[in-house]
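Okay, here's what each chain looks like letter by letter:
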Amino acid sequence: MAVDALDTRILRLLIEQPRTSVREYARILSIARGTLQARNDRLERNGVITGTGPVISPAALGHPVLAFVHLEVTQGHLDEVGEALAAVPEIVEAFSTTGGGDLLTRVVARDNGHLEDVIQQLIQLPGVVRTRTEVALRERVPHRLLPLVESVGRAAVGPTG
């Protein structure tokens, strides 16, 4: 989907001021509330905006340990292992990947002992051959999308805009 300069300004506001009202966004952008709502609806319909809920900190919920666990899966068992992973609350994301493993999971834990328990649970899943774990020490670049949004917006305007 093409994102134009106004879409970029809207997305920037949504990222920077997520709890502001639609009326206030329209005022800040100097556009009609209906225009803003139509743009938001289109961005949602086209999958650019995928959610509006709060960002929750696993650390604040008592799970400060973050690890990335790679799983090697027996051929033909990827879907069933993926379904089993969804039942493990400490797995906050899982992706099929290429490279050194078949699945990459993002796992949170209370402490290293709890992380080991979760890994032991994963290795026992039918279809899991092996795991490899990397523990995150410190977040260097937090999850962010504003630089990408701005880059796409600049590309939409072009070199003369």
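Below you will find a few notes about this structure. It should be emphasised that the depicted structure is a prediction, and the values quoted were computed from it without experimental measurement.

**A look at the side chain of H70**
Okay, so step 1: For H70, the location among the structural elements is in strand 1 (residues 65–73).
Okay, so step 2: Residue class for H70 comes out buried when judged on its relative accessible area of 16%.
Okay, so step 3: Not counting chain neighbours up to four residues away, the residues in contact with H70 comprise L103, L104, R130, T131, R132 and E134.

**Some thoughts on the pairing of strand 2 (residues 91–96)**
Okay, so step 1: Judged from the five bridges that link them, strand 2 and strand 3 (residues 103–109) form a sheet pairing that is antiparallel. Each residue of the ladder has a partner; that of A94, found in strand 3, is T105.
Okay, so step 2: Counted between consecutive antiparallel strands, the loop separating strand 2 from strand 3 contains six residues, among which G99 sits at a positive phi close to 100°.

**Digging into the packing of helix 1 (residues 5–16) against helix 2 (residues 22–29)**
Okay, so step 1: Remark: helix 1 packs on helix 2, axes separated minimally by 11 Å, with the N-to-C direction vectors making an angle of 130°. Judged on the interaxial angle alone, helix 2 and helix 1 are oblique. With respect to the hand of their crossing, helix 1 and helix 2 are arranged in right-handed fashion. Between helix 1 and helix 2, the contacting residues are R9, I10, L13 and L14 on the first element and Y25, I28 and L29 on the second.

**Structural notes on the nonpolar core**
Okay, so step 1: By size, the foremost hydrophobic cluster in this structure holds 18 residues, and its most contacted members are L71, L85, L115 and L122.
Okay, so step 2: Contributing elements (two or more residues each) for this core: strand 1, helix 4 (78–85), strand 3 and helix 5 (112–123).
Okay, so step 3: At five residues, the largest contribution of residues to this core is made by strand 1.
Okay, so step 4: Membership of the second largest hydrophobic core comes to 12 residues, among which are A26, L29, L36 and L43.

**Section: the pattern of salt bridges**
Okay, so step 1: Taken as a whole and assessed by the stated rule, the structure comprises nine salt bridges.
Okay, so step 2: Put simply, D7 and R39 hold a salt bridge, and the shortest N to O gap is 2.8 Å. With D7 in helix 1 and R39 in helix 3 (residues 33–45), the pair connects residues that are 32 residues apart, well separated along the chain.
Okay, so step 3: Its relative accessible area of 1% is what places D7 among the buried residues.
Okay, so step 4: Between R130 and E72 there is a salt bridge whose closest N-O contact spans 2.9 Å. Taken as a pair, R130 in strand 4 (residues 128–135) and E72 in strand 1 lie far apart in primary sequence, 58 residues in all.
Okay, so step 5: A residue is classified by how much of its surface remains accessible, and E72, at 30% relative accessible area, is partly exposed.

Conventions used here
- Residues numbered from 1 in each chain as written.
- Predicted model: local features only at pLDDT ≥ 70, side-chain atom pairs only at ≥ 80, totals over all residues.
- Heavy atoms only, no water.
- Helix = DSSP H or I, 4+ residues; strand = E, 2+ residues; numbered from the N terminus.
- Buried < 20%, exposed > 50% of the residue type's maximum accessible area, 1.4 Å probe, protein only.
- Contact = heavy atoms within 4.5 Å.
- Pairing = 2+ DSSP bridges.
- Axes fitted to C-alpha atoms, helices over the stretch in contact; angles between N-to-C directions.
- Parallel < 35°, antiparallel > 145°, perpendicular 65-115°, else oblique.
- Left-handed = near helix turned anticlockwise from the far one by under 90°.
- Core = buried A, V, L, I, M, F, W, Y, C linked by side-chain atoms within 4.5 Å.
- Salt bridge = Lys/Arg side-chain N within 4 Å of Asp/Glu carboxyl O.

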